[in-house]
Amino acid sequence: MVRWPLALPPLDSISWQSPLRAFAWGMRSVASTVLTLVLFATYIGIGALAHDTHFSLGWVLASTALVWAGPAQIILISTLGSGATVVQAAIAVTVSAIRLFPMVVSVLPMMRTPQTKRRHLVLVTHFIAVTLWVECVRLLPHVPRERRIAFTHGLGIGLCLVCLSATTLGYGLAANLPPLLGAAILLLTPLAFLLSTARNCRQLSDVLALVLGLALFPLVSLLHTGVDILISGVTAGTIAYGVHWWRERA
Amino acid sequence: MSDFIGDWHALLVLVVAGFLPNEVWRMLGLWFGGGVDEGSELLVWVRAVATAILAGVIAQILVLPPGALASVPDGLRYGAVAAGFAIFMLTRRSIFAGVVGGEAIMLAGKWWLG
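Residues take numbers from 1 onward in each chain, read along the sequence in its written order. Written order determines the labels here, with chains lettered from A and ligands numbered from 1. Local features in a predicted model are, by the rule used here, given only for residues with pLDDT of at least 70; side-chain atom pairs are given and counted only at 80 or more, and totals for whole chains, interfaces and linings are based on all residues.

1. Thoughts on the overall build of chain A
Quick note on the threshold: Here a helix means four or more residues in a row that DSSP labels H or I, a strand means two or more in a row labelled E, and each is numbered from the N terminus. We compute the radius of gyration over the C-alpha atoms and compare it with the globule rule, which gives 2.2 Å times the number of residues raised to the power 0.38. The exposure label follows from counting other C-beta atoms within 10 Å of a residue's C-beta, where the C-beta atoms are placed from the backbone and the thresholds are 20 or more for buried and 12 or fewer for exposed, leaving partly exposed in between. Any two residues are considered in contact once their C-beta atoms, placed from the backbone, lie within 7 Å.
Summing up its helical and strand segments, chain A has 12 helices and zero strands in all. Against the compact-globule benchmark of 18 Å for 250 residues, chain A has a radius of gyration of 19 Å, which places it among compact chains. Counting the 250 residues in chain A, one finds 53% classified as buried. When contacts within chain A are restricted to residue pairs at least 6 apart in sequence, those whose partners lie at least 24 apart make up 76%.

Here's what the structure looks like:
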């Protein structure tokens, strides 16, 4: 992956003594990753999709700040736009969001100190999504442990501001956006998600889960159950885990 | 102001159908995460299921494309993502190269088909 050089100060530098400076370093780190560009383009797409589906600008901005997960927003806007009920949309969104659980579980231990209370982690937890997860794994080892929460707040708020601007821009451009560009932007989400998931695969079970999940969904979707992703995901994930368990035992 | 937000009913739908069903998984992670061992078998299973669900989300966008993506023929959508993945593998797992390559092939294919 292409990465612009990021010069964070050394761990013992005095610039880490103030939480405010750590916050500012987090915000500046937004400019150090190509994923920011992918997010920017994705949110132009989400803004344009919301405009074409007749949601208000305030509504889609609120969805960016509150939901803060690209696929969930695309699913929410397209299911509501296609006339689904609130319950159907909520089920589709919550199924797509299960992936956030293991991300939170794996990121938070990087930030905890013995003094950390659960409430100190609420905002950080809200910001966790694929991009922040990937960037935390890359950047947090270069940040002193007691400043990691402030740093991540800066990173999360910085990324959120980028996405709010992109949402507004996409909403404004929608009517003038050539359909080809709109299609290219919507293709970014599956491409970037597939590749960043493939890169974060640590074990055989992760690789199998990715491949089986891709293969199984088109078959399960023929059933039109309304929870197709849940069925294909739990089945594929459990088979992948089963293979892992069987190999560990053998 | 009312134009900016739209009606309050729409905002309520956002909270009920978008915010809460999404956020609940983050907060469950915060609540139970402290007690889960990073290397535990439970977490291996949860991660496999989460990865497979993410794969399902990717497949859903490709198989049932939203908005303007529906104007790209099926074969071209799948081919562009497969090519992006191949480029990613060939460039020692460069996400940037894979994304740009996949997009370029989709655009070239669209232009070729007219």
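2. Points about the overall build of chain B
Looking only at helices and strands, chain B has five helices and zero strands in total. Listing each helix as α and each strand as β along chain B from the N terminus yields α-α-α-α-α. Here chain B, with 114 residues, has 42% of them falling under the buried criterion. Taking all contacts inside chain B whose residues are at least 6 apart in sequence as the whole, residues at least 24 apart take part in 29%.

3. Looking at helix H2 (residues 8–33) of chain B
Filter applied, for reference: One less than the number of residues in a helix, times 1.5 Å, gives the span that helix is expected to have. One axis fitted to the seven residues ending at a residue, another fitted to the seven starting there: the angle between these axes is the bend at that residue.
If you check H2(B), its first and last C-alpha atoms are 35 Å apart, about what 26 residues at 1.5 Å a residue would give, namely 38 Å. The sharpest bend along H2(B) comes to roughly 40°, located at B:Phe19, with the proline B:Pro21 sitting one to four residues further on. Within H2(B) the residues assigned to the buried category are B:Leu14, B:Ala17, B:Gly18, B:Phe19, B:Pro21, B:Asn22, B:Glu23, B:Trp25, B:Arg26, B:Gly29, B:Leu30 and B:Gly33. Along its buried surface, H2(B) packs onto helix H3 (57–67), helix H4 (70–81), helix H5 (86–97), helix H6 (100–107) and helix H7 (122–127) of chain A.

4. Re the interface of chain A and chain B
As a reminder of what qualifies: Throughout this entry, Asp, Glu, Lys and Arg are counted as charged residues, while Ala, Val, Leu, Ile, Met, Phe, Trp, Tyr, Cys and Pro are counted as nonpolar. The remaining residues, Gly among them, count as polar.
Taken together, the contacts link 85 residues of chain A with 67 residues of chain B. Per-element tally for the side of chain A that touches chain B: the top contributor is helix H10 (residues 179–200) of chain A, with 19 residues. Split into classes, the residues belonging to the side of chain A that touches chain B amount to 59 nonpolar, 21 polar and five charged.

5. Brief notes about the environment of A:Pro10
Residues and elements named next belong to chain A. Note on placement: Pro10 falls in the segment before helix H1 (19–28). By C-beta crowding, Pro10 is classed as exposed, having 10 other C-beta atoms within 10 Å. Taking the C-alpha atoms as reference points, Pro10 and Val143, separated by 133 residues in sequence, lie 8.2 Å from one another.

6. Observations regarding the confidence of the model for chain B
Residues and elements named next belong to chain B. Put simply, the rule is: For every residue, the predictor states its confidence as a pLDDT score lying anywhere from 0 to 100.
Of all residues in chain B, 89% have pLDDT values of 70 or greater, and the mean over the chain is 88. Here helix H1 (residues 2–5) is the element of chain B with the lowest mean pLDDT, 60, and helix H4 (residues 74–90) is the one with the highest, 96. What the predictor reports for the complex is a pTM of 0.81 with an ipTM of 0.85.

7. Remarks on the packing of helix H11 (residues 204–220) of chain A against helix H12 (residues 228–249) of chain A
Residue and element names in this part refer to chain A. Let me state the cut-off plainly: Lines are fitted to the C-alpha atoms to define the axes, a helix being fitted only along its stretch in contact, and any angle between axes, read from their N-to-C directions, falls within 0 to 180 degrees. Here a crossing is taken to be left-handed if its near helix is turned anticlockwise relative to the far helix by less than a right angle, and right-handed if that turn runs clockwise.
Packing of H11 against H12 leaves a shortest axis separation of 8 Å and a crossing angle of 145°. Crossing handedness for the pair H11 and H12: right-handed. For the contact of H11 with H12, the per-class residue count stands at 14 nonpolar, seven polar and two charged.

8. Observations regarding the packing of helix H2 (residues 34–52) of chain A against H4(A)
All names here are of chain A. Heads up, the condition is: For classification, angles of less than 35 degrees are called roughly parallel, those exceeding 145 degrees roughly antiparallel, those between 65 and 115 degrees roughly perpendicular, and all remaining angles oblique.
Where H2 meets H4, the closest approach of the two axes is 10 Å, and the angle between their N-to-C directions is 15°. For the element pair H2 / H4, the angle class is roughly parallel. Between H2 and H4 the crossing geometry is left-handed. Where H2 abuts H4, its residues Thr42, Ile46, Leu49 and Ala50 lie against Gly70, Gln73, Ile74 and Ile77. Partitioned by chemical class, the residues of the contact of H2 with H4 number five nonpolar, three polar and no charged.

9. Examining unusual backbone geometry
Trans peptide bonds make up most of the peptide bonds, and negative phi angles are found at most residues other than glycine. Here the phi dihedral of A:His54 falls at roughly 65°; this positive angle occurs in a residue that is not glycine. If you trace the backbone, A:His54 turns up in the loop between H2 and H3. Residue A:His54 is classed as exposed on the basis of its 10 C-beta neighbours within 10 Å. Unlike most non-glycine residues, B:Arg92 shows phi in positive territory, near 50°. Relative to the helices and strands, B:Arg92 is located in the loop between H4 and helix H5 (95–113).

10. Let's talk about the environment of A:Val86
Among the secondary structure elements, A:Val86 is positioned in helix H5. For the pair A:Val86 and A:Leu76, spaced 10 residues apart in sequence, the C-alpha separation works out to 9.4 Å. Apart from residues lying up to four places away in sequence, A:Val86 is in contact with B:Val13, B:Val16 and B:Ala17.

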